[in-house]
Amino acid sequence: MKTAVDPTANGSSKDENRPLEDNYRKPRKRFISRRSFLSKTIALGAGTVGAGLVSGLRAAEASSSLSPGDAALLRFAAALEILEADFWIQYNELGGIQDDEVPGGSGNKAYTEALEVIEDEMGDYIHDNTDDEITHHQFLNAYLVSRGAPPANLDAFRTLMGSTATGVNPAKIGHRLTNLTRLDIDTSWWTRYRDDSHNPDLDPNHVFPQAVPTLAGRRHTAIPRTDADTTDPNFLQAIANTAAFHFPTIEQGGSSLYPALAQRATDVEVLRILMSIGPTETMHFQTWSDVAGNAPPLTARDPVTGIFVTFPDLEVEDELFDKALIMPEPCPFLSRSLPIVSIIRPTNTRGAAVGALRFLRAMGLFIGQSDAFFAYTTQLAQEADAATRGI
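Let me begin by describing the structure that accompanies this report. Because the structure is predicted, anything quoted here is derived from the model rather than measured.

Two numbers describe how helix α7 (residues 122-146) lies on helix α9 (residues 233-262): the axes approach to 13 Å, and their chain directions differ by 35°. Viewed along their axes, α7 and α9 form a crossing whose handedness is left-handed. When α7 is examined against α9, the residues Met-122, Ile-126, Asn-129, Glu-133 and Leu-140 are found in contact with a partner set consisting of Phe-247, Glu-251 and Tyr-258. For the contact of α7 with α9, a count of residues per class yields five nonpolar, one polar and two charged.

What follows deals with the environment of Asp-196. One can find Asp-196 in the loop between α8 (189-192) and α9. In this structure Asp-196 comes out as partly exposed when scored by relative accessible area, which is 38%. Along the primary structure Asp-196 and Glu-319 are separated by 123 residues, whereas in three dimensions their C-alpha atoms are 9.9 Å apart. In this view, Asp-196 contacts Pro-330, Cys-331, Pro-332 and Ile-340; residues no more than four positions away in its chain are not counted. For Asp-196, the side chain forms a polar contact with the side chain of Ser-197, separated by 3.2 Å.

Moving on: the pairing of strand β4 (residues 308-311). Consecutive residues of a regular strand have side chains that alternate between opposite faces of the sheet. Covered by surrounding structure in β4 are Val-309 and Phe-311 only, the residues Phe-308 and Thr-310 on the alternate face being uncovered. Taken together, the four bridges between strand β3 (residues 298-301) and β4 define a ladder with antiparallel strand orientation. Counted as the bridge partner of Leu-298 is Phe-311 from β4. Turn length for the β3-β4 hairpin, with the two strands adjacent in sequence and antiparallel, is six residues, and the turn residue Gly-306 shows positive phi of about 80°.

For the structure shown, the criterion picks out 19 aromatic pairs. Site record: aromatic cluster; members linked through ring pairs are Phe-87, Trp-88, Tyr-91, Tyr-125, Phe-247 and Trp-288. Directly above the ring of Trp-190 sits Arg-194, whose terminal nitrogen or CZ lies 3.9 Å from the centroid. In this arrangement the basic side chain of Arg-361 is found over the ring face of Phe-374, its NZ or CZ atom lying 3.7 Å from the centre.

Glancing now at the side chain of Ser-289. Mapped onto the secondary structure, Ser-289 falls in helix α10 (residues 268-292). Sequence-distant contacts of Ser-289, defined by excluding residues within four places in its chain, comprise Trp-189, Trp-190, Pro-248 and Ile-326.

The N-to-C vectors of helix α5 (residues 68-95) and α7 enclose an angle of 150°; their axes lie 8 Å apart at closest approach. With respect to α7, the element α5 is oriented roughly antiparallel. Regarding α5 and α7, the two cross each other, and that crossing is left-handed. Of the residues contributing to the contact of α5 with α7, the split by class is 14 nonpolar, nine polar and four charged.

Next up on the list: the pattern of salt bridges. Considering all chains together, one arrives at 11 salt bridges under this definition. Across the salt bridge formed by Arg-147 and Glu-269, the nearest N and O atoms sit 3.7 Å from each other. One end of the pair, Arg-147, is in the loop between α7 and β2 (176-178); the other, Glu-269, is in helix α10, and 122 residues separate them in sequence. Taking the relative accessible area as the measure of exposure, Arg-147 reaches 12% and is therefore buried. Salt-bridge contacts for Asp-203 lead to Arg-336; the nearest nitrogen and oxygen are separated by 2.6 Å. Here the residue Asp-203 occupies a position in the loop between α8 and α9, and Arg-336 occupies one in the loop between β4 and α11 (352-363), the gap between them amounting to 133 residues. The class for Arg-336 is partly exposed, based on a relative accessible area of 48%. In the salt-bridge network here, residues are joined through shared partners; they are Asp-86, Asp-155 and Arg-158.

The rules behind these values
Residues numbered from 1 in each chain as written. Predicted model: local features only at pLDDT ≥ 70, side-chain atom pairs only at ≥ 80, totals over all residues. Heavy atoms only, no water. Axes fitted to C-alpha atoms, helices over the stretch in contact; angles between N-to-C directions. Helix = DSSP H or I, 4+ residues; strand = E, 2+ residues; numbered from the N terminus. Left-handed = near helix turned anticlockwise from the far one by under 90°. Contact = heavy atoms within 4.5 Å. Nonpolar A, V, L, I, M, F, W, Y, C, P; charged D, E, K, R; others polar. Buried < 20%, exposed > 50% of the residue type's maximum accessible area, 1.4 Å probe, protein only. Polar contact = N/O pair within 3.5 Å; in protein donor to acceptor, adjacent residues only side chain to side chain. Pairing = 2+ DSSP bridges. Phe/Tyr/Trp six-rings, centres within 6.5 Å; stacked < 30°, edge-to-face > 60°. Lys NZ or Arg CZ within 6 Å of the ring centre and 35° of its normal. Parallel < 35°, antiparallel > 145°, perpendicular 65-115°, else oblique. Salt bridge = Lys/Arg side-chain N within 4 Å of Asp/Glu carboxyl O.

As structure tokens, then:
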């Protein structure tokens, strides 16, 4: 299916957030017994979004066995996982493996080959990361429902265009949540994890150098927008390289967010959930940070926007940029009077949820989304940040 669209527009999908009773392979009985509850809290529809949706969530919260704060932490995490699943599904349709676990697209041969220049197992990695993110939001929402709390639901916001290139799922064109075609990618995480003198928790004003400076401050596509983007091999490789650096940029955010949220949890089981999901994001980050260093050096010009991008050779002796140094260097933590230590950074909990949402918005992941989308997600983030540990 080919549709005439603005090649810089975006996309979204529906299958990754199916009705709850279809989402869980082995639902517990109490999930099923709450279907009438779900019909009132999930089916709020496109006409009841933003502040109205949040009001509905608060009303439904009254019967929950979770504290409002713990429910807010899990609901915000679920919302982010839905968003993450949405863009990983787009990557998988074009460059991953489609099977019973992650069905949908049919693959784009040219894009897949460009990704495999970076890592010959790229299709498997993309598939497994996609599957992981889908299970994250399915589990978090199911758990919320099992405790009587309303889940996160972003179905009303599946309005973005996405790619129309060969390989995408035609049913999802125009039904995406996220935009992978106009990304501003901050690659300062590369040097932040190699710097043994600075930690953003202790040095919030320190500027960590970018691994790929031209990916920051501009708008780049990480997937072929149309089949026209696959005709120039050099530009197509630049698109694949952009994706390779977008993968770890996203996953390092999750590595920090989960421990930051966990510090606010009261319920021991909620704490266990956050502490159990968070390390998988770190495993993703470690994988992708290793893979990104293999992106071939090149310079390319986007024929649609005219924007240039240059990927440097990161096989260098400089310890801030050396692609071989993928283990987190020890750095200052808590106090400079203590020895340096290898840690996830940052993990400061103050404003963590709002900060994460702001980071994703600045990236361009939501270009084209509605004011209602921003109102709803901002409210979820603010309520997560307002959660406080009880006794």
